[in-house]
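Descriptive analysis of the structure
Read off the chains here:
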Amino acid sequence: QPDDPFAFYNLTDYRSVQTRQLVDYSGYFELGAGYISESNEQFGQYNGLDEDGVFAIGSGVWRNWQVEDYWFDYYSVKANDLGLDTLSLNFTIGAVQNFKLAVNWQQLRSRGPSSGKTPFRYEQGALTLPENWQAANNASELASLNQQEIDRRFSQVVQRDQLTIDFHHDIDEAWRLRSSVKHEKRDGTRATGAAFFANAQNGHSAILPAKLDSTTKTFEAGVGYYQPNYAADVSYLYSEFENDDYALRWQNPYSANLGPGVAYDTGIGQIATEPDNDMHQFRLTGFYQLNDQWRINADASYAVANQDTALLPYTSNLALPTTALPDRSFDGEVSTTTAKAQVIYRATNKLKFQAGYRYEDRDNDSPRWAWQSVTGDSWAPQDEKYQVYNAPHSRSLQHLQLEGSYRLPKSTRLSASYAYEEIDRYNHAVETTEEDIFELRVNSRPMVGLNVRAQLQYKDRGASTYQWDQSFYSLYDTALINEIPDSQRYSNHPRLSQHYLSNREQWHSQLHLGYVFNARWHMTFDGHYQDSDYDATELGLANEKLWHANLAANWYTHERLTQTFYVAFDRYEYELWGRAFTGGAEKNAFEIYPPLPQASDARRDWTIEPEDTSVTLGTSGEWISESKLLELDWQYQLTLSDSEHSNLANGGAADLSAIALPDINQDQHHVDVSALYHFRDDLSLKLNYQYFRYSTDDWAYANVGVGSIDKVLGSGQHNTNEQVHLVGLSVIYRLP
Amino acid sequence: QQSEAVKQCLDCHQQSAEQPIHAIFQNAHGNLNGGGSQACIGCHGESLDHRTQPTAQAPLVSFGPKWFNSAEQQSETCLDCHQKHTGSLWQGSMHQQEEVACVGCHSAHVVEDPMVSATTQADTCMSCHSDVRSANMLASRHPIAEGMVACSDCHNPHGSLSESSLTQPTLNDTCFQCHAEKRGPFVFEHAPVTEDCSTCHNPHGSMHDNMLVSKTPFLCQQCHSAAFHPSQPLEGSGLPAGNSSAYLLSKNCLSCHSQIHGSSHPSGSKMTR
């Protein structure tokens, strides 16, 4: 019954259904419809399945190979998720050893929390409040006075529309030209905090629905030359970021008296959004094989990034007298230079040496200017001694590695390496860090079916003198510094070490075991453990520990049933030390206070030991009926995460609390089952069911309403708790 | 000789085999040397012994499942064509040193190699990199499972001299491919941002918002202990049932210091503008 779309298979064909489908057809299209039981945030975070109701299923592939009598050998057209807000289209055409052209269009949507509310409306480039807004001095009053105005949901959704064109052409056996163009438009809304303040104690903040509207253009071109014993590739990359909104302006919802022109309704705040920038990068990559023993790999690049966006005024508060800006725009420029080389020496078939060198330099040539300090749009001192300075950061890294490896019997290889890394920084609290890295590795197959890999690494990092007052000296004016007592010349506590600049001893061990029991059973174990001890740190991050263990099994029950299982355990924990020091009124950076006795009071020390633990479990499988007309595949993923912030203690000061925070639990279940029934070789019916369950009880959002926090007009965003069912039914028709 | 080879390969390895290997003729590999059995020889070698004793003798180059050449021998076959341009830094790469063969990840006998599709690539990568798979199953992650981001967007598994086999010269440059807005340079920079995004973010996934390596405000307090509020212990009494601390709840530090990646506002020295 060839005209009957639901006619049964021709079972006399000697080939399997899968082979026939792969070999006899030039593609397929899939059409159908699905239903999502409820709007969600986590399930539809990136896949476009975030809104409840019916959606269309539409995908397809059409390809042809061995196209004869044309200037191309193959082409393909692909479409994915045409019925959703996340979709992609791709067209590829090419000729073997000649050229390939790929045009790809993607619409990517990322869904954030949608439970937030806001009174702000986006009008004429600013977030404004409704006309009948009633201002107050704190968030609680604002929330109760303006319930109706606030009760407007805003969804945090960002969409990226990307067009990419990739092309390469092999001129001959040796030369290849390639180029790539990408245009991306980003559009959406995200939540951003913003504040007016006179000092930190008098901050009045609001969570704003900030609009995103930007474009990124990228162009890359390169030429490669290849010979069996040497090759070189030169490329140029240009990237340009353009932000359509150079500032975010918002109306102050508070009536707080922080100075003239600040309070509602005239008070307007302004944030500089990310400035436009562009980058030119030149890169050279290649290798040279001197002979069977010696080989050199190399990679070098030079890039310059610029931003010259017009500077915003110091404040949009017209009541504040401000001085002239240093210039119309900030002529920012950062150059990045990298040089990497690797020398491989194969002394014998068993003995191999390798040396690597890596140099990375970020040189920030941006100007260092004095800026008038306008604190939170409420205070603008005119005296030059109150100026602040920007501090462009530069950094230079050198990494040298030497490695030797030796082959033993039973497919065993021993490797040992030593590496030295030095980072020099400018405008940082630490000028130089040096690190010695030792590593041992064993790869072995001691018996048939068993594969073992083990690694042990030890790192020892030493830091030059910790200039704890560096950030203070680099930020403020000399005249002001001279007026401030020595004991007050710091921003951070003098005994705090920033962990990425600190002395550190780190052990890292890793083990992989793989065993093939028989043709049907295969199991692997992977584990690693890392212990970082910031041994000279008194305040700050004192140590970190990281565990990972994973057990996986593949089970081929028989040729028609396969199963995989895995279970993993991950934990990250660290110990953080701090010292609470206040000493009267909130500190104004520009006022001089007596020394703070609390800063040297060890009774004010506190510690917290966060632990993030997750257990993930997954299984997937496939079953094909004996007639091979019915296929089932299934997948289940479970993630249980727990974040603890317990063991808070203090040194005994009576005014410091030590109440443990509740655990945060995140549970996620995802079941995905599909059944595929082949009515004919070219016609199949697909049924898909998915169940997704996610819940979290993050204390940062639990029971936190719009007015819960004294001087933060929140969004009332609450924790995600969702249970989603999805059913999809589609027909797959294969193209001859 | 050619006709004999054609006869020997495809006479035994027919379309009726359980494994649908003939899909190779829908891609470039099945069309090597003019296609047919000559294509088989292109990768498996002449294999004269195997052709005369097909069940007792292995092909010259075999990729499994019955017979295996060493990873190096298998990869050499592929590199004959693929070392050109894309695999020129394979020798000395991390995967080469770990004796991963090309076929450990790639499939030639299919219409389209799953490794070239973003929707299927990660399954292969994560079958070994299980810690990345675990991280990618956490609440805050890149859209890798949805195929919008591929592992190879950031990493070059065929060899790179950058750290972690990244595609770009530096780690931050890799991030700026998609997050160009963070490139700056900003007037007021946040020092760790300028040198290493991974100081604060775990790009493979996290249970904390924005793929942060740990929860704010404690992440911030790892490096900031200024007088007054940054130095204070933030604990249970700051929850809504107690004293609703702005420094602990909602966006905490970022409720005011929202421009954490840098600010180009003349009054942005504290990352608030």
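About the thresholds
- Residues numbered from 1 in each chain as written.
- Chains lettered and ligands numbered in written order.
- Predicted model: local features only at pLDDT ≥ 70, side-chain atom pairs only at ≥ 80, totals over all residues.
- Heavy atoms only, no water.
- Helix = DSSP H or I, 4+ residues; strand = E, 2+ residues; numbered from the N terminus.
- Rg over C-alpha atoms; globule rule 2.2 N^0.38 Å.
- Pairing = 2+ DSSP bridges.
- Expected span 1.5 Å × (residues − 1).
- Buried < 20%, exposed > 50% of the residue type's maximum accessible area, 1.4 Å probe, protein only.
- Axes fitted to C-alpha atoms, helices over the stretch in contact; angles between N-to-C directions.
- Patch = residues over 30% accessible without salt bridge, like charges linked within 9 Å, V, L, I, M, F, W, Y side chains within 5 Å.
- Areas by Shrake-Rupley, 256 points an atom, 1.4 Å probe, with all protein chains shown as cover.
- Salt bridge = Lys/Arg side-chain N within 4 Å of Asp/Glu carboxyl O.
- Phe/Tyr/Trp six-rings, centres within 6.5 Å; stacked < 30°, edge-to-face > 60°.
- Lys NZ or Arg CZ within 6 Å of the ring centre and 35° of its normal.
- Contact = heavy atoms within 4.5 Å.
- Buried area = accessible area lost by both parts, 1.4 Å probe.
- Polar contact = N/O pair within 3.5 Å; in protein donor to acceptor, adjacent residues only side chain to side chain.
- Nonpolar A, V, L, I, M, F, W, Y, C, P; charged D, E, K, R; others polar.
- pLDDT = per-residue confidence, 0-100.
- Disulfide = S-S within 2.5 Å.

Helix and strand counts for chain B stand at eleven helices and zero strands. For chain B, the succession of helices and strands along the chain, N to C, is α-α-α-α-α-α-α-α-α-α-α. In terms of overall dimensions, chain B is more spread out than a globule: its C-alpha atoms have a radius of gyration of 27 Å, far above the 19 Å expected for 273 residues. When the backbone C-alpha atoms are referred to their principal axes, chain B occupies close to 85 × 40 × 30 Å.

For the rest of this paragraph, the subject is the pairing of strand β9 (residues 175-196) of chain A. All names here are of chain A. In terms of strand pairing, strand β8 (residues 157-170) meets β9 through 13 bridges, oriented antiparallel. Pairing of Gln162 across the sheet is with Glu184, part of β9. Linking two consecutive strands that pair antiparallel, namely β8 and β9, is a turn of four residues. Where β9 and strand β10 (residues 204-227) come together, 22 bridges link them in antiparallel fashion. Bridged to Lys185 within β10 is Thr215.

Okay, helix α4 (residues 71-82) of chain B next. Spacing of three or four residues puts side chains on the same side of an α-helix, whose turn is 3.6 residues. Compared with the 16 Å implied by 1.5 Å per residue over twelve residues, the 15 Å span of α4 of chain B between its first and last C-alpha is a close match. Those residues of α4 of chain B that fall on the buried side of the exposure criterion are Gln74, Ser75, Thr77 and Leu79 of chain B.

On to the sheet that holds strand β7 (residues 126-128) of chain A, then. Residue and element names in this part refer to chain A. Pairing is mixed in the open sheet, where four strands are placed in the order β6-β7-β12-β13. The sheet terminates laterally at β6 (121-123) and β13 (268-272), the two strands that pair on one side only. Strand-to-strand twist of the sheet, defined as the mean angle between neighbouring strand axes without regard to direction, takes the value 25 degrees. The pairing of β6 with β7 spans three bridges and is antiparallel. When the sheet's bridge partners are listed, Glu123 is paired in β7 with Ala126.

On the surface, a nonpolar cluster with roughly 410 Å² of combined accessible area is contributed by Leu551, Val567, Phe569, Val615, Leu617 and Leu640 of chain A. When you line up the elements, Val615 of chain A lands in strand β29 (residues 605-624).

Attention now goes to the packing of aromatic side chains. Applying the stated criterion across every chain, the model contains 32 aromatic pairs over all chains. Ring geometry for Trp62 of chain A against Tyr75 of chain A: centres 5.2 Å apart, planes inclined by 70 degrees, an arrangement best described as edge-to-face. Within this pair, whereas Trp62 of chain A is found in strand β2 (residues 53-64), its partner Tyr75 of chain A is found in strand β3 (residues 74-80), the two being separated by 13 residues in sequence. Ring geometry for Trp65 of chain A and Tyr74 of chain A: centres 4.9 Å apart, planes at 20 degrees, overall stacked. The two residues Trp65 of chain A and Tyr74 of chain A agree in class, both being buried. Taken together, the ring pairs connect Trp62, Tyr70, Trp71, Phe72, Tyr75, Phe99 and Phe167 of chain A into an aromatic cluster. Taking NZ or CZ as reference, Arg295 of chain A lies 3.9 Å from the ring centre of Phe287 of chain A, over its face. Lying across the ring of Tyr566 of chain A, Arg133 of chain B places its NZ or CZ 3.6 Å from the centre.

So, about the pattern of salt bridges. Considering all chains together, one arrives at 46 salt bridges over all chains under this definition. Among the salt bridges present, the one from Arg362 of chain A reaches Glu189 of chain B, with a minimum N-O distance of 3.1 Å. In this pair, Arg362 of chain A sits in strand β17 (residues 351-364) while Glu189 of chain B sits in the loop between α9 (171-176) and α10 (191-195), so the two residues belong to two different chains. As far as the burial class goes, Arg362 of chain A and Glu189 of chain B line up, both buried. Counted as one network, the salt bridges with shared partners bring together Asp50, Glu51, Asp85, Arg109 and Arg111 of chain A.

Below, the discussion takes up the interface of chain B and chain A. Opposite the 114 residues of chain B that make contact, chain A presents 182 residues. For the chain B and chain A pair, buried surface summed over both sides reaches about 12,000 Å², with 54% attributable to carbon and sulfur atoms. Joining chain B to chain A, the criterion identifies 14 salt bridges. At the boundary of chain B and chain A, one finds 63 residue pairs in polar contact (both at pLDDT 80 or more). Within the residue set of the side of chain B that touches chain A, elements represented by two or more residues are α5 (94-97), α7 (130-136), α10 and α11 (218-221) of chain B. Residues of the side of chain B that touches chain A, tallied by class, amount to 42 nonpolar, 49 polar and 23 charged.

A word on the side chain of Glu181 of chain B. In this structure, Glu181 of chain B sits in the loop between α9 and α10. At a separation of 3.3 Å, a polar atom in the side chain of Glu181 of chain B contacts the side chain of Arg186 of chain A. Not counting residues within four places of it along the chain, the set of residues in contact with Glu181 of chain B comprises Arg186, Phe241, Glu274 and Asn277 of chain A together with Phe186 of chain B.

Let us look at the confidence of the model for chain A. The predicted coordinates ought not to be read in detail in places where the model reports low pLDDT. Mean pLDDT over chain A works out to 91, with 95% of the residues at or above the 70 mark. Contacts for the low-pLDDT stretch residues 1-12 of chain A, under 50 throughout, to residues beyond four places or in other chains number 22 contacts.

All names here are of chain B. On inspection of all chains with the given rule, the structure shows zero disulfides over all chains. No disulfide involves Cys40; its sulfur sits 4.3 Å from that of Cys9, the nearest cysteine. What makes Cys40 partly exposed here is its relative accessible area of 23%. Cys151 forms no disulfide, and the closest cysteine sulfur to it belongs to Cys125, at a distance of 3.8 Å.

Residues and elements named next belong to chain A. Take Thr273: it is sitting in the loop between β13 and β14 (277-289). A polar contact is formed between the side chain of Thr273 and the side chain of Asn243, at a distance of 3.4 Å. Those residues in contact with Thr273, other than ones at most four positions away along the chain, are Asn243, Asp245, Tyr246, Ala247 and Leu248.

What follows is about the environment of Asp85 of chain A. Residues and elements named next belong to chain A. Take Asp85: it is sitting in the loop between β3 and β4 (87-95). Placed 34 residues apart in sequence, Asp85 and Glu51 show a C-alpha to C-alpha distance of 10 Å. Leaving out residues up to four positions away in the same chain, Asp85 has contacts with Gln107 and Arg109.

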